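Descriptive analysis of the structure
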Amino acid sequence: MTTPQIMILAVLLGTVVLFLWARWRHDMVAMASLLVCVMLGLVPTDDAFVGFGHPAVITVACILILSSALQKSGAVDTLSRTVLPQSAGPFVTMAALSLLAAILSAFMNNVGALALLMPIGIQIANKQNLPPGKILMPLAFGSILGGMTTLIGTPPNLIVSGFRAEATGTGFSMFDYSPVGVAIALAGLLFVILLGRFLVPTRERAGAEGFETGSYLTEARITEGSKSIGMFLREINDELDKSDAQVIGLIRNERRIPAPSPYRELQQDDILLIEAEPEGLASALSGLELTLEAELRSEEANAEQREEAKEQVRAQKAQRAAEKSGDASKDGSEKDDTAKSDKKDSDTKKRALQSDDISLIEVVVLPNASFIGRSAADIRIRSRYGINLLALSRQGQRSMSRLRTMKMQAGDVLLMQGTPAAIHEFGNRLGCAPLAERSLNLGDKTQALKATTIMAVAIALAAFGILPAAISFALGVLATLLVGVVSPRTLYDAVDWPVVVLLAALIPVANAMESTGSADLIARFLLDTVAQGSPPVALALILIVTMTLSDFMNNAATAAVMCPIAIGSAAQLGASSDPFLMAVAIGASCAFLTPIGHQNNTLILGPGGFRFSDYWRLGLPIEIIVVAVGVPMLLWVWPL
């Protein structure tokens, strides 16, 4: 091996290890890999950032914007409500939902398609008395299978097409992926629909009623002489933070004020609704001279009891005369009073959390959410959005401790309190999807028609070779701006910038693998030691290795790493590179064994209550089907 080959292989190995470690975001690792290659002289400085102008990168960004236009215009909502059966059994419903997810994912971002259909899937699971995961995992896998059927279905397909264009002068067209992709998707969907819910483990996620917020909510009154009188709510929260507590509501003059302003001045007899762990509650209240509302009620009840006792002494003779019947009546009355009191306390607490204007809504953190790795305190949820974070569920486990400082992860389910409009704004800005069934977003029918027409024309221009894919979809984005489907202010919100940076950084690194001969070196090793010079075995090997890497690495990164090796393998065998590149595209899209391999797997982690080890039960048979169907189809459609 030459010195450049040793250096690029060391960089590649370090990059893969960091991807698998997942300590830093994929785009950070990719950019670090690129810069190391530049400093080592493996990538010329003038070519360091050519990836940002690569057609695959431009196309990915444009597809994300056009997909967002379809969602926001209401076109996808209308289609889903029209196609899905309103009353059917679990088999028919799951089949329709998975098939719709696959079709949508072929032409739009599959994370967006899943986020739109997931609330419907949860509602169907509730109606059928099924755990949500029984619907969500087949739905997610269906969307992944659908994405491999077209050029724009998933970023790996675009990356593979870009490498083919560099190697042969022309990339793959819009529907070159369809013969093999559709065959694999149909076989996978058939298996998912028939056997999917039997292989998915039964997990109960923490629903809104299961977060157990009531046991951690306490009403505290500001009594006469308390030092809290005249303090701002911000100062109260600063003190409560020391005991890991927070004020999530205020009652003043019998009027509830959820998510009150941090600069509201507190008055005597204000009642604060405090969220706290039991262990820290006493110190939090004593330091601010707050009195539990329950204790005040107890004192008032004791005073009333003393007055009643005096009355009982005066009427003792009369009570003795009817002691037996009186006792029975008294016991029944006390039981009724106790039951009514308990119900009243429960209703009061529920009203404090939820009213006509204030709702409890669950949202799931999307894989591209901008606040992943940050806490509720970091993004100032209450002061910026006027909402409260009440609880968090991670991999099916409820958590109430240190909510304000807990770092968010993709797939977390958050229980939010606030107005629906405020929670909706929070989700749109930071990247969360509601889990409750959304109201039908019909939007403007004219805008929906415009968005659909623009997408269809862009696809047609690329499919018939009239324009390159990057140009046709860029024109589509421009058209959505000109007709007002997308506003200039929100245009770039739809772009998943970490993915764009990841692709742009890895493309020069992959080119360095080819220019140094490292890709040919790896290919020769695989062919000599495993494939023994057999092209069909080599093709299956490329597919399996790519699929295995994709289960633990970002699928776009996997495609960028494996494409040079696939081209090198074809060259060593004297075969066409097309079937090998197609094997990379299929393998990079088929990540079914772990929640980290594909963004859709991560998205259902919290809502389905899944654990890391739950995916392989359904995922492994699907990956076996992918190899069993994919290799013969590749050999038939793309001859060696």
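Figured I'd write up the structure that's included with this text. Residue numbers restart at each chain and count upward from 1, following the sequence in its written direction. Under the rules for a predicted model, residues below a pLDDT of 70 receive no local features and side-chain atom pairs below 80 are neither given nor counted, while totals for whole chains, interfaces and linings still include all residues. To obtain the side-chain values, all non-hydrogen atoms of the structure were included, while hydrogens and water were left out.

1. Looking at helix H3 (residues 55–73)
Along an α-helix, residues three or four positions apart point the same way, because every turn accommodates 3.6 residues. Working definition: helices are DSSP H or I runs of at least four residues, strands are E runs of at least two. Numbering for both runs from the N terminus. Helices are assigned an expected span. That span is 1.5 Å times one less than the residue count. Taking 1.5 Å as the rise per residue, H3 with 19 residues should run 27 Å; its terminal C-alpha atoms sit 27 Å apart, in good agreement. Residue Gly-74 follows H3 closely and has a positive phi angle near 90°.

2. Remarks on the nonpolar core
Side-chain atoms within 4.5 Å link the members of a nonpolar core, which is a set of buried Ala, Val, Leu, Ile, Met, Phe, Trp, Tyr and Cys residues. Here the term buried applies to any residue with accessible area under 20% of the maximum for its type, exposed to any over 50%, and partly exposed to those in between, with areas from a 1.4 Å probe on protein chains only. Residues Phe-473, Ile-586 and Ile-604 are the most contacted members of the largest nonpolar core, which totals 146 residues. Among the elements that take part in this core, helix H20 (residues 497–515) stands out by supplying 12 residues, more than any other. By definition, residues are in contact when any of their heavy atoms lie within 4.5 Å. Leave out the neighbours within four places in its chain, and Ile-586 touches Met-148, Val-180, Ile-184, Leu-543, Val-626 and Leu-634. Val-363, Met-408, Leu-414 and Ala-422 belong to the second largest nonpolar core, which has 21 residues in total.

3. Comments concerning the packing of helix H6 (residues 110–127) against helix H7 (residues 133–147)
To obtain each axis, a line is fitted to C-alpha atoms, and for helices this fit is confined to the stretch in contact; angles are then taken between N-to-C directions over 0 to 180 degrees. Their axes nearest at 9 Å, the elements H6 and H7 cross at an angle of 155°. What the angle tells us is that H6 and H7 run roughly antiparallel. Remark: the crossing between H6 and H7 carries right-handed chirality. Where H6 approaches H7, its residues Asn-110, Leu-114, Leu-117, Met-118, Gly-121, Ile-122, Ile-124 and Ala-125 are matched on the opposing element by Ile-135, Leu-136, Leu-139, Ala-140 and Ser-143. By residue class, the composition of the contact of H6 with H7 is 10 nonpolar, 3 polar and no charged. In these notes the angle categories are as follows: under 35 degrees is roughly parallel, over 145 is roughly antiparallel, 65 to 115 is roughly perpendicular, and the rest is oblique. For a crossing to be left-handed, the near helix must be turned anticlockwise from the far one by less than a right angle; the clockwise case is right-handed. As a working rule, the residues Ala, Val, Leu, Ile, Met, Phe, Trp, Tyr, Cys and Pro are called nonpolar, Asp, Glu, Lys and Arg charged, and the rest polar, with Gly in that last group.

4. Let's talk about a nonpolar patch on the surface
Think of a patch as exposed residues, more than 30% relative accessible area, with no salt bridge, where like charges cluster within 9 Å and nonpolar side chains (Val, Leu, Ile, Met, Phe, Trp, Tyr) cluster within 5 Å. For accessible areas, the Shrake-Rupley method is used with a probe of radius 1.4 Å. Any residue's cover is judged against the shown protein chains and nothing else. What counts as a salt bridge is simple: a side-chain nitrogen of Lys or Arg found within 4 Å of a carboxyl oxygen of Asp or Glu. A cluster of nonpolar side chains, Leu-35, Val-36, Met-39, Leu-40, Phe-49 and Phe-52, forms an exposed patch at the surface whose accessible area comes to about 560 Å². Here Met-39 is to be found in helix H2 (residues 26–39).

5. Looking at the environment of Lys-450
Inspection of the secondary structure puts Lys-450 in helix H18 (residues 445–463). Here Lys-450 is in contact with Val-483 and Val-485, once residues within four sequence places are set aside.

6. A closer look at the pattern of salt bridges
Counted under the stated rule, the structure contains 6 salt bridges. Glu-425 is the salt-bridge partner of Arg-429, the closest N and O atoms lying 3.0 Å from each other. A residue pair is termed a helical-turn pair when its members lie 3 or 4 positions apart in one helix, as Arg-429 and Glu-425 do in helix H17 (residues 420–430) at 4 residues. Judged by its relative accessible area of 56%, Arg-429 is exposed. The class of Glu-425 is partly exposed, set by a relative accessible area of 32%.

7. Points about the side chain of Asn-600
In this structure, Asn-600 sits in helix H25 (residues 599–603). Classification of Asn-600 by relative accessible area gives buried; the value is 0%. Polar side-chain contacts of Asn-600 include one of 2.6 Å to the side chain of Ser-143. Any pair of N or O atoms that falls within 3.5 Å is considered a polar contact. Within protein, one atom must be able to donate a hydrogen and the other to accept it, and sequence-neighbouring residues count only if both atoms are side-chain atoms.

8. What about H2?
Taking 1.5 Å per residue, 14 residues should reach 20 Å; H2 reaches 20 Å between its end C-alpha atoms and fits that length. Residues of H2 that are buried include every one of Asp-27, Val-29, Ala-30, Met-31, Ser-33, Leu-34, Cys-37 and Val-38, and no others. In the core, the buried residues of H2 are packed alongside helix H1 (3–21) and H20. Once H2 finishes, Gly-41 follows within two positions and takes phi at roughly 80°, a positive value.

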